[in-house]
Amino acid sequence: MRSRSSLLFTWILALTAQFDHGSASIAKRLRLHGEKLSNYVHTSGFKSVEIVQGYYISLLSATPAKTLAEERSWLYTMYAIGVAMELGLDQDARPKVSRISMVTSPNQNMRSSVTASGSEKLKGHGLLEGSAEASAYNQRLNRNRERTWLRILLWERANSAAYGRTNSFPETALTRGIESWWLHPLAGSADRHTCAFIALRKKLASL
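A quick note: this is a predicted structure, and the numbers were derived from the prediction, not measured. (Residues numbered from 1 in each chain as written. Predicted model: local features only at pLDDT ≥ 70, side-chain atom pairs only at ≥ 80, totals over all residues. Heavy atoms only, no water.)

Orientation of helix H4 (residues 73–86) relative to helix H6 (residues 132–162), taken along the N-to-C sense of each, is 140°, at an axis distance of 10 Å. Classified by the angle between their axes, H4 and H6 sit oblique to one another. Crossing of H4 against H6: the hand is left-handed. Contacts between H4 and H6 involve Trp74, Thr77, Met78, Ala80, Ile81, Ala84 and Met85 from the first element and Trp149, Ile152, Leu153, Trp155, Glu156, Asn159 and Ser160 from the second. (Axes fitted to C-alpha atoms, helices over the stretch in contact; angles between N-to-C directions. Helix = DSSP H or I, 4+ residues; strand = E, 2+ residues; numbered from the N terminus. Parallel < 35°, antiparallel > 145°, perpendicular 65-115°, else oblique. Left-handed = near helix turned anticlockwise from the far one by under 90°. Contact = heavy atoms within 4.5 Å.)

What the rule picks out here adds up to five aromatic pairs. Pairing tyrosine 56 with tryptophan 155 gives two aromatic rings, centres 6.3 Å apart and planes at 90°, and the pair type is edge-to-face. Taken together, the positions of tyrosine 56 in helix H3 (residues 49–60) and tryptophan 155 in helix H6 put the pair 99 residues apart, joining distant regions of the chain. Classification of tryptophan 155 by relative accessible area gives partly exposed; the value is 23%. (Phe/Tyr/Trp six-rings, centres within 6.5 Å; stacked < 30°, edge-to-face > 60°. Buried < 20%, exposed > 50% of the residue type's maximum accessible area, 1.4 Å probe, protein only.)

On to the confidence of the model for the chain, then. As a note on interpretation, predicted positions should not be read in detail where pLDDT is low. When the pLDDT values of the chain are averaged, the result is 80; 79% of them are 70 or greater. A low-confidence stretch, residues 95–117 (pLDDT under 50), is modelled with 53 contacts involving residues beyond four sequence positions or located in other chains. (pLDDT = per-residue confidence, 0-100.)

Relative to the assigned elements, aspartate 191 resides in helix H9 (residues 191–206). Relative accessible area serves as the criterion here: at 1%, aspartate 191 is assigned to the buried category. Apart from the residues lying within four places of it in its own chain, the contact partners of aspartate 191 are Arg143, Arg147, Arg151, Trp181 and Trp182.

What follows is the structure in structure tokens.
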């Protein structure tokens, strides 16, 4: 995780430290470092699934801001939604194709690589392309992409509703088939709840 995304790794540590009363000072330092990384990643134009997940976890670990000017939750939500849509996370992932590729910064002078290509990730795990193990790994990656989008979408919809923003629900092939998404062989224990909340948000949007 540390080698894949410093942003995600930092926010995981920050969130974890919050549950240890003896690590209050460390948790504060981690949050400050996470905020700096979040701003750096955004201004540099880096994009990856892990970055979207980092933004999402930063929202989970956020503490109420003292003033409205210090509030960053909505900003990071928009960062996450924007990057996710640019990466196509809102689309139904095809199991035979690894859609995670190398991502570059708009500025060619910046460090261009923020994630490895699908084939490099397979090699890093000792998997051969075309093998059954590689196919299963790619399916897990695709499932991870879909889950990431559904979770950040739920967060954005809930916050929009809380602030009185009435927007139409963004339907895609993924959300249209949400009733059966949790029945997938690679589904996690919480996927059923994710599907239920997506279905609820769709219903509420139509009222």
